[in-house]
Amino acid sequence: MPHRRFKKSHPIESISNLPELGMKPKEIEGDIKSYYGHRLGRDENCKSVHYVYEALSLAVSDRLTERWKKTYNAYRKEDCKRAYYLSMEFLMGRTLSNAMLNLGIDDAVSQACYDLGLDLEELIDSEPDAGLGNGGLGRLAACFIDSCATLQLPVTGYGLRYEYGMFSQLIVNGEQVEEPDHWLRNGNVWEVQRLEYTQRIKFGGHTETHLDEKGNSRVYWVDSHDVLAVPFDVPVPGYQNGTVNTLRLWKATATDEFDLQEFNAGDYAESVAAKNGAENITMVLYPNDANENGKELRLRQQYLLASASLQDVLALWIGRHGNDFTDFAEKNCFQLNDTHPSIAVAELMRLLIDIHGLKWDAAWAITKSTMAYTNHTLLPEALERWSVNLFKQLLPRLIEIIFEINARFLSEVSARWPGDLSRIARMSLIEEGGQQHVRMAYLAIVGSYSVNGVAELHSKLLQQGLFHDFYELWPEKFNNKTNGVTPRRWLAACNPELAELITETIGDGWLTDLSLLKKLELHIDDKVFCDRWYAVQQAAKQRLIDYKKQELDIDVSVNALFDVQVKRIHEYKRQLLNVLHVIHLYDRIKRGDTANWTDRCVLIGGKAAPGYYMAKKIIKLINNVANVINHDPEVGDKLKLIFLPNYRVSAMEKICPGADLSEQISTAGKEASGTGNMKFMMNGALTIGTLDGANIEIREEVGDENFFLFGLTETEVESLRNNYDPVAIIKQDEDLQRVMNLLECGHFNQFEHNIFDGIVNSLKSPHDPWITIADFRSFVDAQKQVELAYQDKERWIKMSIINCANSGKFSTDRTISEYNNELWKLTPVKVNN
Ligand code: 26Q
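Residues numbered from 1 in each chain as written. Predicted model: local features only at pLDDT ≥ 70, side-chain atom pairs only at ≥ 80, totals over all residues. Heavy atoms only, no water.

(A) Region of the structure containing the environment of C46. Structurally, C46 is set in the loop between α2 (25-39) and α3 (49-78). Since its relative accessible area comes to 23%, C46 is described here as partly exposed. Other than its neighbours up to four places away in sequence, C46 contacts Y36 and Y51. (Helix = DSSP H or I, 4+ residues; strand = E, 2+ residues; numbered from the N terminus. Buried < 20%, exposed > 50% of the residue type's maximum accessible area, 1.4 Å probe, protein only. Contact = heavy atoms within 4.5 Å.)

(B) Spotlight on unusual backbone geometry. With a phi angle near 60 degrees, R574 is a residue other than glycine that sits in the positive phi range. Mapped onto the fold, R574 is located in the loop between β20 (561-566) and α23 (575-590). For N596, which is not glycine, the phi dihedral falls at a positive 55 degrees. In this fold, N596 is placed in the loop between α23 and β21 (600-605). Exposure remark for N596: the relative accessible area of 67% places this residue in the exposed category.

(C) Structural detail: the nonpolar core. Grouped together as the largest cluster of nonpolar side chains are 113 residues, with contacts concentrated most on F391, F409 and W824. The greatest single-element share of this core, amounting to 10 residues, is contributed by helix α10 (residues 296-321). Look past the residues within four positions of F391 in its chain and what remains in contact with it is L299, I343, W386, P396, L398, I399, I402, V438 and M440. Within the second largest apolar cluster, 62 residues are counted, among which are W597, I618, L742 and I771. (Core = buried A, V, L, I, M, F, W, Y, C linked by side-chain atoms within 4.5 Å.)

(D) Region of the structure containing the site of the ligand. Taken together, 22 residues are adjacent to the ligand, and L137, H376, N483, E671 and G674 come closest. The separation between an oxygen atom of the ligand and a polar side-chain atom of H376 is 2.6 Å. Here the ligand, which alone exposes 610 Å², has 94% of that area covered by the protein. Per element, the largest residue contribution to the shell around the ligand is 3 residues, and it comes from helix α7 (residues 136-150). Grouping the constituent residues of the shell around the ligand by class yields 6 nonpolar, 10 polar and 6 charged. (Near = heavy atom within 4 Å. Polar contact = N/O pair within 3.5 Å; in protein donor to acceptor, adjacent residues only side chain to side chain. Areas by Shrake-Rupley, 256 points an atom, 1.4 Å probe, with all protein chains shown as cover. Nonpolar A, V, L, I, M, F, W, Y, C, P; charged D, E, K, R; others polar.)

(E) Focus on the pattern of salt bridges. Scanning all chains against the criterion turns up 61 salt bridges. Across the pair R439 and E431 runs a salt bridge whose closest N-O atoms are separated by 3.5 Å. Its relative accessible area of 16% is what places R439 among the buried residues. Linking R814 and E818 is a salt bridge whose minimum nitrogen-to-oxygen distance equals 3.3 Å. Highlighted residues: R814 and E818, both in helix α34 (residues 812-824), separated by 4 residues, approximately one helical turn. Taking relative accessible area as the criterion, R814 reaches 18% and is therefore assigned buried. The exposure class assigned to E818 is partly exposed, which follows from its relative accessible area of 25%. Through salt bridges that share partners, D587, R588, R591, D593, D733, D735, R738, R777 and D781 make up one connected network. (Salt bridge = Lys/Arg side-chain N within 4 Å of Asp/Glu carboxyl O.)

Given below as structure tokens:
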């Protein structure tokens, strides 16, 4: 028997000291093999590509881990101010290729895979998307944390680890069918469970007031049903700078005593059921990108995120500073991604007062100077409101605090506007009438030092409209932070050929200073450069065709104009206007009006919220129109309409490099910003768009002559509302009349009577909020300008280069620098490797 030796000294230090992992192809190759054979226990008999993906990912992930710990320790050592990005959604997409790029081991991994005879592209494509978000707001959070890491800012993302992400979309008989997205089925090599940071979350029960040991009156939240929040950490690497920040995602689990209570009562089955109830909280992402009002489970999710994250931050603080909160506000701030986590305002008050013994005024001073709120929508119907009764049942202590915040706030309002009762009713955090509701946006505004919109127009409209009363009270709180996208994922990684051409032409500084793209304009008259630009774009179009070919057997020519609209399906985004234009083109072909024709391939993709009836009808319409057009021999190459199923982050990475034209056609004043518009522009697509959201700023950057503008302005839209007469407009426009006739006569629903009646009626209604018919003529005219420009190949290439060259403003590096310089005021921390 070997003799086992015991050493007395604490072993942690000796086992924590690891040698650096090599970044050479051979070293990576060795790790891939070792993971595949040893850890995963696979050999040549295993046919699944998944395990090869997993072996490679583990090898890459190991190379992040050392930097991750160093980053953590650097922040600890500096005791620096930190920011926390609270969001119900982080739409991360895939991780592997982004991790390789940001680690700077792209080439080494390619070489290792080549030497092992592995198809790296196939491995990358086998990774499921982390679809923990609906659309723009969730993807913005993902781009933000990428930029924070690249700017070396000490920012942690806090979110939820949904077991099921955004559903995957199938199209069956032209209709959307939802399939659950069990993205964790094969495990997730990118996360690290950290049981040691588990937090306890209270639900239900009631409150009692007692004197504490010191004789102070204190509120106790008792008889609650507690749930545990277990964190899973995901590394967020900066671009080749040694920084690896953290995204901490909470998973809900049951407490042990929760089970025990039932067990002691002798009901084992009940105890297991109770466990289920707790774990349901983070089971599924709500697939609705407008408000889904009143769902208790959603409120549980929101509270779990807010409470677990704040407790985590307070624990970190106390670990270092004890119960002294004097400097807390100078060292911490929280950015609320819309109102979804805004219960954090009341929860921070609760934790500071009930748990840590602060007085109201001290706690309120901290809350008001650490919370900042970003709004993402102007649609009044999308503003979150929660019934006071539900709050009382589920979060009894929090509703007391909200009422107290409101009472103090309203006395401030009456001091400023004595006797103005209607103003008080308008501004109250509690909406009266029948059932009382909490207005979450108002809670966020009152509890924050900053309120921002996500594009110039949007921020202006918040101040003048939705939040005008609050703007009058606190103009200094309001500001704008125009959105962006990360150029690492949305140019370097998704379009390596274009990235290489850019780097060859202007150097590689653009990856971390996107304004440098401007230098591309110096080469606009260089024939060789322009030809290469064109060749790269044509190749990207071909790849897009090939990628789609497996599922759609439609022949598309690379020479057609690729006209793309991908985003959530929403009436305000006006996919219908796009379809009306397609039908118009079809009608022109059918009547032989095809002189100087430009072949066009219209691609539309996006998911509808499962309960959004109209959005689902729009998908059906697109598919039916596509079916008629694509099978008409008379149409041929002139026109194609393709619905791209299951649009998601990884799809956009293939789509945006291959687009010629980006459709950004929302009703003016309705799209807060848009970010797809920026991804397309960065990849050299031209935009056809309304004066809405960030389109306005895109047009300012590229110049009027490089942007296809159409449609009514926001002001015109609002003044049209009272006397909008779509039927009269249709009567006066022969092209439009013909389009409507095709729709109404059932040309696209021959054996499906009346299925599009709802769509036709909404278009023809004088109350159509999206005034689609009003913009038809102007849209068609702008599309003609697009065709003219596209026919002049040299001109188009120049416009394409100019669009890319002027996309510098739309890097999230710029956006995050603004958040940091104006709101967070963090100092970058260098991490030495
Ligand atoms: C709320 C309550 C209950 C269930 C769901 C929701 C919910 C979830 C997601 C409400 C809204 C969203 C997402 C909104 C969103 O994505 N907004 C978009 O944000 C982008 C980033 O700022 C903007 O570019 C888009 O203009 C805006 O539409």
